[in-house]
Amino acid sequence: MTENHRTDGSTGHNTAGDALRVDVLHDDCVGAGQCVLSAPEVFDQDNDGIVVLLREGLDGLGHADREGVEEAVRLCPSGALRLLARTAPANAAD
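Here the structure is a predicted model, which is why all the values come from computation and not from measurement. (Residues numbered from 1 in each chain as written. Predicted model: local features only at pLDDT ≥ 70, side-chain atom pairs only at ≥ 80, totals over all residues. Heavy atoms only, no water.)

Trainee: It is not clear to me how the overall build of the protein chain should be interpreted in this structure. Could you clarify?
Mentor: From N to C terminus, the protein chain includes 2 helices and 4 strands. Going residue by residue from the N terminus, the α and β elements of the protein chain occur as β-α-β-β-α-β. Counting across all 94 residues of the protein chain, residues that qualify as buried make up 36%. Residue pairs in contact within the protein chain that sit at least 24 positions apart in sequence constitute 64% of those at least 6 positions apart. Carbon and sulfur atoms make up 47% of the accessible area of the protein chain, which totals about 5,700 Å². (Helix = DSSP H or I, 4+ residues; strand = E, 2+ residues; numbered from the N terminus. Buried < 20%, exposed > 50% of the residue type's maximum accessible area, 1.4 Å probe, protein only. Contact = heavy atoms within 4.5 Å. Areas by Shrake-Rupley, 256 points an atom, 1.4 Å probe, with all protein chains shown as cover.)

If you want it as structure tokens, here you go:
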């Protein structure tokens, strides 16, 4: 089941880094806290230790902070974190 939640986090060569967003599968989070240690500007934990996303997009983050997010995705023991392409809303063309 977790294979669908894994990502290799290989966004370092993505020239459209601002078009990436973090996706959190809260039900899969085990509260290990690796995300908070890797990228505290993006992740926090609630009182139960479950991940809290402080910001969805990577736009405005410096290179080191983006690397921290990528590391958090790679290190997440439950695979609860994913980096996905940010898609435009369906009504964006209107």
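Trainee: Help me out: how do you make sense of the pattern of salt bridges in this one?
Mentor: Applying the stated criterion to the full structure yields 3 salt bridges. Of the charged contacts in the structure, one is a salt bridge between D23 and R21, with a shortest N-O distance of 3.9 Å. When its relative accessible area of 16% is taken as the criterion, D23 is described as buried. We classify R21 as partly exposed; its relative accessible area is 22%. With its nearest N and O atoms 3.4 Å apart, the salt bridge here joins D59 to R86. With a gap of 27 residues between them, D59 in the loop between β3 (51-53) and α2 (63-75) and R86 in the segment after β4 (81-85) connect regions that are remote in the sequence. Sharing partners across several salt bridges, the network here consists of R21, D23 and R82. (Salt bridge = Lys/Arg side-chain N within 4 Å of Asp/Glu carboxyl O.)

Trainee: Would you mind showing me how to read the nonpolar core here?
Mentor: Nonpolar side chains tend toward joint burial in soluble globular proteins. The biggest cluster of nonpolar side chains holds 18 residues, and the ones touching the most others in it are V22, V42, F43, V51, L58, V69 and L81. Going through the elements one at a time, β1 (20-24), α2 and β4 are the ones with two or more residues in this core. Discounting chain neighbours no more than four positions away, the residues touching V22 are V42, F43, L53, E56, L58, V69, R82 and L83. (Core = buried A, V, L, I, M, F, W, Y, C linked by side-chain atoms within 4.5 Å.)

Trainee: How do you make sense of α2 when you look at a structure like this?
Mentor: Each turn of an α-helix holds 3.6 residues, which means side chains three or four residues apart point in the same direction. Taking 1.5 Å per residue, 13 residues should reach 18 Å; α2 reaches 18 Å between its end C-alpha atoms and fits that length. Restricting attention to buried positions, one finds in α2 the residues R66, G68, V69, E70, A72 and V73. Each element contacted by the buried residues of α2 is listed here: β1, α1 (34-38), β2 (43-45) and β4. (Expected span 1.5 Å × (residues − 1).)

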